[in-house]
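# Coordinates in review
Each chain is listed here by its residues.
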Amino acid sequence: MEKSVLLIGGAGYIGPVITEDLLKSKAKVTCLDLLLYENKKSIEKFLTDENYRFIHGDLSDLSLIDPILKSITDVVILAGLVGDPITKKYPKESKLINEVKIMGLIDHLNNQGLNKVIFVSTCSNYGLIPGNTLADENYPLNPLSLYAKSKVAVEEYILNSRTQKDYCPIVLRFATAFGLAPRMRFDLTVNEFVLELATSGHIDVYDPDTWRPYCHVKDFARLINLVLSAPNNVVSHQIFNAGDEKNTCTKRDLIKMIQVYIPNIEVNYISSGGDPRNYQVNFSKVRESLGFIAENSIEKGIAEILGEIKNKNFTIYDKTSNFHGNYTIKFNNL
Ligand SMILES: NC(=O)c1ccc[n+]([C@@H]2O[C@H](COP(=O)([O-])OP(=O)(O)OC[C@H]3O[C@@H](n4cnc5c(N)ncnc54)[C@H](O)[C@@H]3O)[C@@H](O)[C@H]2O)c1
């Protein structure tokens, strides 16, 4: 059956990369996005594609959602206030979007004849893991931020078997993303470190020995396609950690990888920053069930971002610009 996928929040950092992959695989794509960061530029190149449709609006607006759903086979929920800093800055709005509205959407998607609904969650849900333990999907969750707490609440909500759904719900716990995309987010560790060091040669690194798994945006796009094509009995009601152990490192390791390309840098390591998260994750389930292996290394991601910066291919690469990070939101249309 031909796929017609609704990407909710598909105009942010990861959504346009998924869009590219889905369009290549001959799926139809509809994107519903509120453009909280004035990020329409990120999807402009798709607007002439007859298999692409963009709708500007809020995910809780049923007058928008209902007509769209008539032609949709699968839904991917990417939307929300994404990241610890933005949810800390706007706690009320964060709770409203990331929990209340997303849960309402999950209910509303029932009885619409949909095949799969993928909720994109985060490995941040593991929070702080002592030692070198690798968390698999059954490892106890320890969400430390409002962002992760909402993700945990929605995971439970969408997978709860007491509220029967006619679609196949799936949760993907994404590692931290990196790599080039139409809307670069320079508030994410790998991207931020590369930009900072390439442009100023100096960086302050907080909690340098904390571990984190990373994954290239293109690998995430491939994974979404894999999940959408997988038999429902393999993925239904399943949680998958999304990433690959080989792209796990500390911030100190990350600096060393960047130093290969930019040897003369000044790094100020600060041991007690405000972000205690430390987690290493076991990705064997996604590898064994879906054959997912990351094709892009962190080193490759560093090199491609550096290449763009050197060629001045970013028209603006300002780490304070809202288009390039989740910093400030205009809430007049919420
Ligand atoms: N980027 C990462 O490192 C990472 C890591 C783990 C999980 N994730 C998850 O992946 C998903 C996408 O992340 P991203 O980096 O692309 O985020 P992003 O902030 O770049 O994109 C989110 C998009 O959602 C839209 N949006 C927000 N509220 C909305 C609403 N009420 N209605 C419609 N659209 C709305 C925004 O306008 C934005 O375009 C998120 O669910 C995030 O939690 C991301």
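Here we summarise the structure given alongside this text. (Residues numbered from 1 in each chain as written. Predicted model: local features only at pLDDT ≥ 70, side-chain atom pairs only at ≥ 80, totals over all residues. Heavy atoms only, no water.)

## Comments concerning helix 5 (residues 146-159)
Between its first and last C-alpha atoms helix 5 spans 20 Å; for 14 residues at 1.5 Å apiece the expected length is 20 Å, and the two agree. Turning to helix 5, its buried residues number three or more, namely Tyr147, Ala148, Ser150, Lys151, Val152, Val154, Glu155, Ile158 and Leu159. (Helix = DSSP H or I, 4+ residues; strand = E, 2+ residues; numbered from the N terminus. Expected span 1.5 Å × (residues − 1). Buried < 20%, exposed > 50% of the residue type's maximum accessible area, 1.4 Å probe, protein only.)

## Thoughts on the environment of proline 213
Position of proline 213 relative to the elements: it lies in strand 10 (residues 211-216). On the basis of relative accessible area, proline 213 is assigned to the buried category, the value being 0%. Expressed as a C-alpha distance, the spacing of proline 213 and serine 124, which sit 89 residues apart in the sequence, is 9.7 Å. In contact with proline 213, other than residues within four places in its own chain, are Cys123, Ala175, Thr176, Asn247, Thr248, Tyr279, Val281 and Phe283. (Contact = heavy atoms within 4.5 Å.)

## Digging into the sheet that holds strand 7 (residues 168-174)
Read across the open sheet, the seven strands follow the order 3-2-1-4-5-7-11; overall the sheet is parallel. A strand with exactly one partner marks an edge of an open sheet, and here the two such strands are strand 3 (52-56) and strand 11 (238-242). Looking at each pair of strands side by side, their axes are set apart by 20 degrees on average, direction ignored. Bridge analysis of strand 1 (residues 4-8) against strand 2 (residues 28-33) gives five bridges, and the strand direction is parallel. Within the sheet, the bridge partner assigned to valine 5 lies in strand 2 and is valine 29. Sitting on the sheet, helix 1 (residues 15-24) is in contact with strand 1, strand 2 and strand 3, with an inclination near 175 degrees to strand 1. (Pairing = 2+ DSSP bridges. Axes fitted to C-alpha atoms, helices over the stretch in contact; angles between N-to-C directions.)

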